[in-house]
Amino acid sequence: MAMLEVKDLHKSFENTVVLDGVSLSVEKGDVVAILGPSGGGKTTFLRCINFLERADSGTFTFDGVTHDLAHIKNREISQIRKKTGFVFQNYNLFRNKTALQNVTEGLIVAHKVEKKKAEDIGMRMLEKVGMADKASNYPSQLSGGQQQRVAIARALSADPEIIYFDEPTSALDPELIGEVLSVMRNLAEEGMTMIVVTHEMDFAKNVSSRSIFMEHGHIVEEGESAAFFANPKMERTREFLRMEANRGI
Amino acid sequence: MPGLLVTIPLTVIAFSFAMIIAIILAMVQVADVPVLKQFARFYIWVIRGTPLLVQLYVVFFGLPSVGVRINAFPAAVLVFSINEGAYCAETMRAAIESVPAGQMEAGYCVGMNYYQIMTRIVLPQAFRTAFPPLFNSLIGMVKDTSLAANITVAEMFFATQRIAGRTYQFMALYLELAFIYLMFSTVLTRVQAWGEKRLNSYGGNKI
Ligand SMILES: Nc1ncnc2c1ncn2[C@@H]1O[C@H](COP(=O)(O)OP(=O)(O)OP(=O)(O)O)[C@@H](O)[C@H]1O
Ligand SMILES: [Mg+2]
């Protein structure tokens, strides 16, 4: 059974349809890459399934329980969020908290983990992303790549079942992208379930198990990453992949 | 200096109440609480739109005619709290709104609720932003307390007037009074600088 299943998700802003019936099913251990042109609805999709945006309709099954996305209750939302992690394009680290406090804040406040224990977990998470030596730095004292790695440690802290990434490297200088991608690659190898919106074609091709091409609020094509890249079925996907390939040159 | 022991408590008590009023008024607006939000806008509109001196007169000289009699000092505390609260509420509201929405969203994503995120993430950052303008208000208020002399509160200005009336040493006494207010502001400015430095330890809300 899928660990997470989205069915027929619809979302409009005012009169613009942004998501027009998106369905997606994720198995434990899957790394799903979502690709697509700007404005295609990728961010909105992630925000809807983490309830930062309320969907107009659709169902969401997680942990064997199916919820109506349009009417899900706050209590259910917070239960689900405690089992998921979210990594933002612009990190969104708590600016008044150190790197370590960023990781422990949710553990202590939301998960009621004892402070000492939370700090142990926090340090382990920071080590995992190679940031233990900057534990007492504030976000303003970290580079973008370092901030994003702390943000990943924060998303990992409560041992989530799945982590959503929204273009985690798009705001980074080119020389800082590698350090973040390598942390993500390690997570994938450890079997972490992830949905990753990205423009990093190499990551999608080599790390993700499945790739999805999304445009105009639709999933145009999806498949095993190897096949998806070697042999895309839809003309539109081919065109997009060609364009992305040329972007790097 | 006679009256000093009235000016200081008046300032401290009234500003403390003003801060409480300010945070509540700012929060109901930011959290978009129906009715209370409209009340907050109305309150701020009336208080900022009328002179402080007139407010003092209404409470001290006006209210007794409708059966509400308040002594001079509590009346002054009341008016200064209400008045300063309205101005500081706007400072706080702007400061809270200047905290990027992403801070709130990140809090939700780690499982925190609105109240937890507000008190632990957003308000501390907003307070950092609001700190200098709030201090500005405080310094302004120290001087404004001299208006309380008009409703017979025996603060420094009132006391000085009394002595000057007896001794006719207007120049010396009023200069001395001005100097004491200046000392107050000087000390508060120092405290502000010290406070800002401490609050800046995390980089002052920079990304
Ligand atoms: N809060 C909002 N209000 C109105 N329109 C919005 C809002 N958020 C997104 N949109 C619109 O929804 C569409 C999809 O946006 P979204 O951010 O999901 O795209 P995206 O695929 O993530 O693009 P990018 O690759 O540029 O990040 C866009 O046309 C955008 O203008
Ligand atoms: Mg996006």
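Cut-offs applied
- Residues numbered from 1 in each chain as written.
- Chains lettered and ligands numbered in written order.
- Predicted model: local features only at pLDDT ≥ 70, side-chain atom pairs only at ≥ 80, totals over all residues.
- Heavy atoms only, no water.
- Pairing = 2+ DSSP bridges.
- Helix = DSSP H or I, 4+ residues; strand = E, 2+ residues; numbered from the N terminus.
- Axes fitted to C-alpha atoms, helices over the stretch in contact; angles between N-to-C directions.
- Contact = heavy atoms within 4.5 Å.
- Buried area = accessible area lost by both parts, 1.4 Å probe.
- Salt bridge = Lys/Arg side-chain N within 4 Å of Asp/Glu carboxyl O.
- Polar contact = N/O pair within 3.5 Å; in protein donor to acceptor, adjacent residues only side chain to side chain.
- Patch = residues over 30% accessible without salt bridge, like charges linked within 9 Å, V, L, I, M, F, W, Y side chains within 5 Å.
- Areas by Shrake-Rupley, 256 points an atom, 1.4 Å probe, with all protein chains shown as cover.

Hey, could you run me through the sheet that holds strand β3 (residues 31-35) of chain A in this one?
Working definition: the strands of a sheet are paired by backbone hydrogen bonds and lie parallel or antiparallel to each other. Residue and element names in this part refer to chain A. Pairing is mixed across the open sheet formed by 6 strands, whose spatial order is β6-β7-β8-β3-β9-β10. Every other strand in the sheet has two partners, leaving β6 (84-87) and β10 (218-224) as the edge strands with one partner each. With strand direction ignored, the average angle separating the axes of adjacent strands in the sheet is 15 degrees. The pairing of strand β7 (residues 162-166) with strand β8 (residues 194-197) spans 4 bridges and is parallel. Across the sheet, F165 pairs through a bridge with V196, a residue of β8.

Explanation requested: the interface of chain B and chain A in the structure shown.
How big an interface is tends to be stated in terms of the accessible area lost upon association of its parts. Each partner contributes to the interface: chain B provides 23 residues, whereas chain A provides 26 residues. Both faces combined, the contact of chain B with chain A buries some 2,200 Å², and carbon together with sulfur accounts for 56% of it. At the boundary of chain B with chain A, the tally comes to 2 salt bridges. Between E105 of chain A and R120 of chain B there is a salt bridge, and its shortest N-O distance comes to 2.4 Å. Taken together, the connections running from chain B to chain A amount to 8 residue pairs in polar contact (both at pLDDT 80 or more). Broken down by secondary-structure element, the contributors of at least two residues to the side of chain B that touches chain A are α5 (101-109) and α6 (114-144) of chain B.

For this particular structure, what's the right way to read a nonpolar patch on the surface?
Nonpolar side chains collect at one region of the surface, where I8, V12, I13, F17, I20 and I24 of chain B lie side by side and expose about 520 Å² of accessible area between them. One can find I24 of chain B in helix α1 (residues 4-30).

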